[in-house]
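A look at the structure
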Amino acid sequence: MMTAVTPSVETPAETESVVLLIRRTGSRATPARVRVLQLLRVAPAALTRHEIEQALADQALDRVTLYRVLEWLVESGLAHRSADAQGVFRFSAAAAGEHAAHTHFRCEDCGRVFCLDAAPPAAPNLPEGFSLSRIELDLRGRCAECTGACR
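No experiment lies behind these values; they were computed from the predicted model shown.

How each quantity is defined
Residues numbered from 1 in each chain as written. Predicted model: local features only at pLDDT ≥ 70, side-chain atom pairs only at ≥ 80, totals over all residues. Heavy atoms only, no water. Pairing = 2+ DSSP bridges. Helix = DSSP H or I, 4+ residues; strand = E, 2+ residues; numbered from the N terminus. Axes fitted to C-alpha atoms, helices over the stretch in contact; angles between N-to-C directions. Contact = heavy atoms within 4.5 Å. Core = buried A, V, L, I, M, F, W, Y, C linked by side-chain atoms within 4.5 Å. Buried < 20%, exposed > 50% of the residue type's maximum accessible area, 1.4 Å probe, protein only.

Attention shifts here to the sheet that holds strand β5 (residues 113-116). Overall, mixed pairing links the three strands, which are arranged β5-β4-β6 in an open sheet. Looking at the sheet topology across the chains shown, the edges are occupied by β5 and β6 (138-141). Across this sheet, the average inter-strand angle for adjacent strands is 25°, counted without regard to direction. With four bridges connecting them, strand β4 (residues 103-107) and β6 associate as parallel partners.

Let's shift gears to the sheet that holds strand β1 (residues 47-48). Pairing in this open sheet of three strands is antiparallel, and the strands run β1-β3-β2 from one edge to the other. One side of each edge strand has no neighbouring strand; the edge strands of this open sheet are β1 and β2 (79-83). Across the face of the sheet, helix α2 (residues 31-42) comes into contact with β1, β2 and β3 (89-93) while running at roughly 85° to β3. Contacting β2 and β3, helix α4 (residues 63-75) runs over the sheet at an angle of about 105° to β2.

A general tendency of soluble globular proteins is for nonpolar side chains to be buried together. Among the nonpolar cores identified, the biggest contains 25 residues, and Ile22, Val36, Leu40, Ile52, Leu70, Leu73 and Leu78 are the most heavily contacted of them. Residue assignment for this core shows that the elements contributing at least two residues are α1 (12-23), α2, α3 (49-55) and α4. With residues up to four places along the chain from it excluded, the contact list for Ile52 reads Val36, Leu39, Leu40, Leu47, Leu66, Leu70 and Phe91.

Encoded structure:
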């Protein structure tokens, strides 16, 4: 499924909001990080790397930089990465302040990620010396739109 995405005209307030999100991670808000995160925030569904590259083609963002930015956004918790039914990675913006303690549902058809009002399971007892940094519960299936239930 190819999603046509045309970045909307960003307002200074939207740009500043993205810059602040990035800076809250303790990192620099580079132009590439800002542009990619802005695109993910306005996209109607998760995007492949190729779709992001096409949408930002006029902004001289090279492929290596894009890979690094996407990896950084995922590691910093500002974006999600999930594989669709064909094994292609798709990226979507994480909502501000999210991902502390809840469950995600990932649609295997369209790649969208939905936050559910369900807490992840309790942490298991870990062997001595182990340290848990986070718990993620990732449910996969087809969303209502892809199953045709919301038509």
